[in-house]
Amino acid sequence: MNNYHYIIASLPVLSKGTEDKALDLKKVKEDIKSQCSEKDVGTIDFFCRIMDGTPLDKAFFEQADRSSSRLTRLYSKLERQIRNMMVSSAAQRLFAPEKAEELIARYSIDIQSDPYGDYYEPTDTEANLSHSDVQALAAIFTDDNIVSKEKRLDDFKWEKINEFTTLDFFDIDCILAFLAKGHMVDRWLRLDAEKGKHLFRKLVGEVRGTFDKNKLIYTIDENNG
């Protein structure tokens, strides 16, 4: 059985000061996996494929829809919607309407509307983009500064991860959320030191806040018997 309390309590090993160095995400990930069950290791490896630049296809996303991890289902659906919007935005800006329509149809990834497997819950619709989400993404995609666009897009994804895991405490999705953000921090520490430092401090603060909040909840539950 996984000791999620211990694993999550140990996440703040990313201490203050590390933001001035490269984040050893590989080591952090391996430390986490060493404390997880074989099933959760598989879930972690699968989820991280979304973040590590591995080419993803329709088969991958269909498998993600059947995951027992709610965050995997929600975040993979979010990624599909963002990628589809990105394809549509680029095609409409660069090509004539007929050609743009052809390219959008060819490169967009279908999002199934029917429930998948035994794990689907109505709350999975939380990944659907709201009107304000669509407007925010549309503004991001029209940003001609590539670095600025990438920063704004990661900020958007970061906040959506927070929304998706608001009620996740000591569970695998809390760990996956940490790793997703860790991938963003690692990437920006390499690409843009200031952005990386900012995200690192944000991640450390969120992890510490989550642990303090959950320690309080655990104490209350313990006292209530």
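Below or above, wherever it landed, is the structure these notes cover. All residue numbers here refer to positions counted from 1 along the written sequence of the relevant chain. Confidence filtering applies because this is a predicted model: local features only for residues at pLDDT of at least 70, side-chain atom pairs given and counted only at 80 or more, and all residues used for totals across whole chains, interfaces and linings. Side-chain numbers here rest on the full set of heavy atoms in the structure, without hydrogens or water.

Side-chain rings of Phe, Tyr and Trp (the six-membered ring for Trp) are treated as a pair once their centres are within 6.5 Å; stacked means planes under 30 degrees apart, edge-to-face means over 60, and tilted covers the remaining angles. Summed over the entire model, instances satisfying the criterion amount to 3 aromatic pairs. Between Phe47 and Tyr75 the ring centres are 5.9 Å apart and the planes differ by 50°, which places this aromatic pair in the tilted class. Of the two residues, Phe47 sits in helix H3 (residues 38-48) while Tyr75 sits in helix H5 (residues 70-94), which places them 28 residues apart along the sequence. Type-normalised accessible area, obtained with a 1.4 Å probe on protein chains alone, sets the label of each residue: buried when under 20%, exposed when over 50%, and partly exposed for intermediate values. Here Phe47 falls in the buried class, since its relative accessible area comes to 1%. Ring centres 5.5 Å apart and planes at 85° place the aromatic pair Phe60 and Phe61 in the edge-to-face group. Phe60 gets classed as buried once you look at its relative accessible area, which sits at 3%. Ring pairs connect the aromatic residues Phe46, Phe60 and Phe61, which therefore count as one cluster. A run of H or I in DSSP counts as a helix once it spans at least four residues, and a run of E counts as a strand once it spans at least two, with each numbered from the N terminus.

The next subject is the packing of H3 against H5. Geometrically, a packed helix pair is captured by the angle between its two axes and the distance between the axes. Axis lines are fitted to C-alpha atoms, over the contacting stretch for helices. Their N-to-C directions set the angle, which ranges from 0 to 180 degrees. Interaxial distance between H3 and H5 falls to 11 Å at its minimum, and their mutual angle equals 10°. On the basis of their axis angle, the class for H3 and H5 is roughly parallel. Contacts between H3 and H5 involve Thr43, Phe46 and Phe47 from the former and Leu71, Thr72 and Tyr75 from the latter. Each residue gets one of three labels, nonpolar for Ala, Val, Leu, Ile, Met, Phe, Trp, Tyr, Cys and Pro, charged for Asp, Glu, Lys and Arg, and polar for the others, Gly among them. A per-class count over the contact of H3 with H5 returns 4 nonpolar, 2 polar and no charged. Comment on the angle field: the value is read as roughly parallel under 35 degrees, roughly antiparallel over 145, roughly perpendicular from 65 to 115, and oblique elsewhere. We call two residues contacting when some pair of their heavy atoms lies within 4.5 Å.

Closest axis-to-axis distance for the helix H7 (residues 131-141)/helix H8 (residues 146-164) pair is 9 Å, and the angle between their directions is 160°. In terms of axis orientation, H7 runs roughly antiparallel to H8. The way H7 lies across H8 gives a crossing that is left-handed. The residues of H8 that touch H7, namely those facing Asp133, Ala136, Leu137, Ala139, Ile140 and Phe141, are Lys149, Arg152, Leu153, Phe156 and Lys160. Looking at side-chain class alone, the contact of H7 with H8 contains 7 nonpolar, no polar and 4 charged residues. A clockwise turn of the near helix away from the far one marks a right-handed crossing, whereas an anticlockwise turn of less than a right angle marks a left-handed crossing.

Moving on, we come to the nonpolar core. Counting 52 residues, the largest nonpolar core has Ile32, Ile44, Phe47, Tyr75, Leu137 and Ile175 as its most contacted members. Among the elements that take part in this core, helix H9 (residues 172-191) stands out by supplying 12 residues, more than any other. The criterion is simple. A nonpolar core is a set of buried Ala, Val, Leu, Ile, Met, Phe, Trp, Tyr and Cys residues joined through side-chain atoms within 4.5 Å.

Next up on the list: the pattern of salt bridges. A pair is scored as a salt bridge if a Lys or Arg side-chain nitrogen falls within 4 Å of a carboxyl oxygen belonging to Asp or Glu. According to the stated counting rule, one finds 16 salt bridges in the structure shown. For Lys33, the salt bridge goes to Glu30, with nearest N and O atoms at 3.5 Å. With a gap of 3 residues between them, Lys33 and Glu30 both fall in helix H2 (residues 25-33), about one helical turn apart. Taking the relative accessible area as the measure of exposure, Lys33 reaches 15% and is therefore buried. In this structure Glu30 comes out as partly exposed when scored by relative accessible area, which is 39%. One salt bridge connects Asp154 with Arg187, and the closest N-O pair in it is separated by 2.6 Å. Of this pair, Asp154 sits in helix H8 while Arg187 sits in helix H9, and the two are 33 residues apart along the sequence. On the accessibility criterion, Asp154 (5% relative accessible area) is buried. Taking the relative accessible area as the measure of exposure, Arg187 reaches 29% and is therefore partly exposed. Because the salt bridges share partners, they merge into one network encompassing Glu30, Lys33 and Asp45.

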